[in-house]
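Descriptive analysis of the structure
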Amino acid sequence: MGCLDPRLLLVWHGATSAFSHPDYIPYVNLLAGSEPEQILADSDLDWGQDMKRLAQRLHEVGARQVTFNPFIVAYLEAEHGFPPIQPMDPESPSPGWNAASITEMKVGRLGLEDEHPEIKLWTEQIKPTERLGNTTLLWYFPPQMRAAPRR
C-alpha cells in the first residue's frame with residue numbers, strides 16, 4: 001500500500017497558495033471554485049479586503065453614489081474614496097450602482113437577519129454585472145426614463 005509523498009503535498013500546498021494570489025484571506029480550497037460562498041460564507045470570507053477594488057471600480061465607472069450594505073463598517077468614503085453610500089433595500093435594487101458584500105448578503109441577509117425568512121433577496125435573483133475579488137458583487141441598473149406627463 002503506497003502513501004503520498006510529503007513533497008507532493010508540499011508542492012500541492014504551494015501551488016494552491018500561488019493560485020489564490022492575491023486573495024489569501026477568502027481562499028477556501030480548489031473544490032470551492034470561483035464561488036466559495038456556496039460552501040462557506042462567514043466573517044472568514046470578508047475582512048474588507050476588496051474595498052479598495054470596489055472603490056477603484058466605482059471611480060473608473062464614474063459612479064456618483066453607490067447603494068451598499070458593507071459587512072465591514074469603515075470610513076469607506078474618507079479612507080477609500082467611495083462616492084456617497086446609500087443603504088440597500090433587500091427587496092429591490094436602486095437605480096445606478098449597487099454593491100453587495102457576499103457575507104452580508106448570505107449571513108446578515110442585507111439587514112433582515114432571520115426576521116423575515118419569507119423575503120427573497122433581489123441580490124440572489126439577479127446575476128451581478130461583475131464580481132470584485134472573492135467578496136463583493138456589483139450591479140448596474142440604468143435609471144428608468146421618466147414617462148412623459150399625461151395631458
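Here's what I pulled together on the structure shown here.

Conventions adopted
- Residues numbered from 1 in each chain as written.
- Predicted model: local features only at pLDDT ≥ 70, side-chain atom pairs only at ≥ 80, totals over all residues.
- Heavy atoms only, no water.
- Helix = DSSP H or I, 4+ residues; strand = E, 2+ residues; numbered from the N terminus.
- Buried < 20%, exposed > 50% of the residue type's maximum accessible area, 1.4 Å probe, protein only.
- Contact = heavy atoms within 4.5 Å.
- Areas by Shrake-Rupley, 256 points an atom, 1.4 Å probe, with all protein chains shown as cover.
- Patch = residues over 30% accessible without salt bridge, like charges linked within 9 Å, V, L, I, M, F, W, Y side chains within 5 Å.
- Salt bridge = Lys/Arg side-chain N within 4 Å of Asp/Glu carboxyl O.
- Pairing = 2+ DSSP bridges.
- Polar contact = N/O pair within 3.5 Å; in protein donor to acceptor, adjacent residues only side chain to side chain.
- Phe/Tyr/Trp six-rings, centres within 6.5 Å; stacked < 30°, edge-to-face > 60°.
- Axes fitted to C-alpha atoms, helices over the stretch in contact; angles between N-to-C directions.

**Concerning the overall build of the protein**
When you go through the protein residue by residue, the secondary structure sums to four helices and five strands. The order of α-helices and β-strands along the protein, N terminus first, is α-α-β-α-β-β-α-β-β. Counting the 151 residues in the protein, one finds 36% classified as buried. Looking at the protein alone, contacts between residues at least 24 apart form 58% of all its contacts between residues at least 6 apart. Element-wise, carbon and sulfur atoms account for 57% of the exposed surface of the protein, whose accessible area totals about 10,300 Å².

**A look at a nonpolar patch on the surface**
There is a patch of nonpolar side chains on the surface, built from Leu4, Leu8 and Leu9 and spanning about 310 Å² of accessible area. Tracing the backbone shows Leu4 in the segment before helix 1 (6-20).

**Side note on the pairing of strand 5 (residues 136-141)**
By the criterion of burial, strand 5 is predominantly enclosed, with five of the six residues buried. Direction of pairing for strand 3 (residues 96-101) relative to strand 5: antiparallel, over a ladder of six bridges. Paired with Asn98 across the strands is Trp139, a residue of strand 5. Where strand 4 (residues 130-132) and strand 5 come together, three bridges link them in antiparallel fashion. Counterpart to Glu130 in the pairing with strand 5 is Leu138. Where strand 4 hands over to strand 5, the hairpin turn is made up of three residues, of which Gly133 adopts a positive phi near 65 degrees.

**A look at the side chain of Asn69**
Mapped onto the fold, Asn69 is located in strand 1 (residues 66-69). Engagement of the side chain of Asn69 in a polar contact is seen with the backbone nitrogen of Met88, the distance being 2.8 Å.

**A look at the packing of aromatic side chains**
A full pass over the atoms with the stated rule returns four aromatic pairs. With a centroid separation of 4.7 Å and 65 degrees between ring planes, the pair formed by Trp122 and Trp139 is classed as edge-to-face. Note that Trp122 is positioned in the loop between helix 4 (102-106) and strand 4 and Trp139 in strand 5, a separation of 17 residues in sequence. Trp139 shares its class with Trp122; the two are buried. Taking 5.6 Å as the distance between ring centres and 75 degrees as the angle between the ring planes, the aromatic pair formed by Trp122 and Phe141 counts as edge-to-face. Of the two residues, Trp122 is situated in the loop between helix 4 and strand 4 and Phe141 in strand 5; the sequence distance between them amounts to 19 residues. Of the two residues examined, Trp122 and Phe141, each falls in the buried class. Through a chain of ring-to-ring contacts, the aromatic side chains of Trp122, Trp139 and Phe141 assemble into a single cluster.

**Some remarks on the sheet that holds strand 4**
On the basis of which strands lie adjacent, the open sheet formed by five strands has the order 2-1-3-5-4 and mixed pairing. One side of each edge strand has no neighbouring strand; the edge strands of this open sheet are strand 2 (85-86) and strand 4. Sheet strands in contact with helix 2 (residues 51-60) are strand 1, strand 3, strand 4 and strand 5, and its direction is about 20 degrees off that of strand 5.

**Focus on the environment of Gly62**
Note on placement: Gly62 falls in the loop between helix 2 and strand 1. Note on Gly62: relative accessible area 48%, which makes it partly exposed. Along the backbone, Gly62 and Pro83 are 21 residues apart, and their C-alpha atoms lie at a distance of 9.1 Å.

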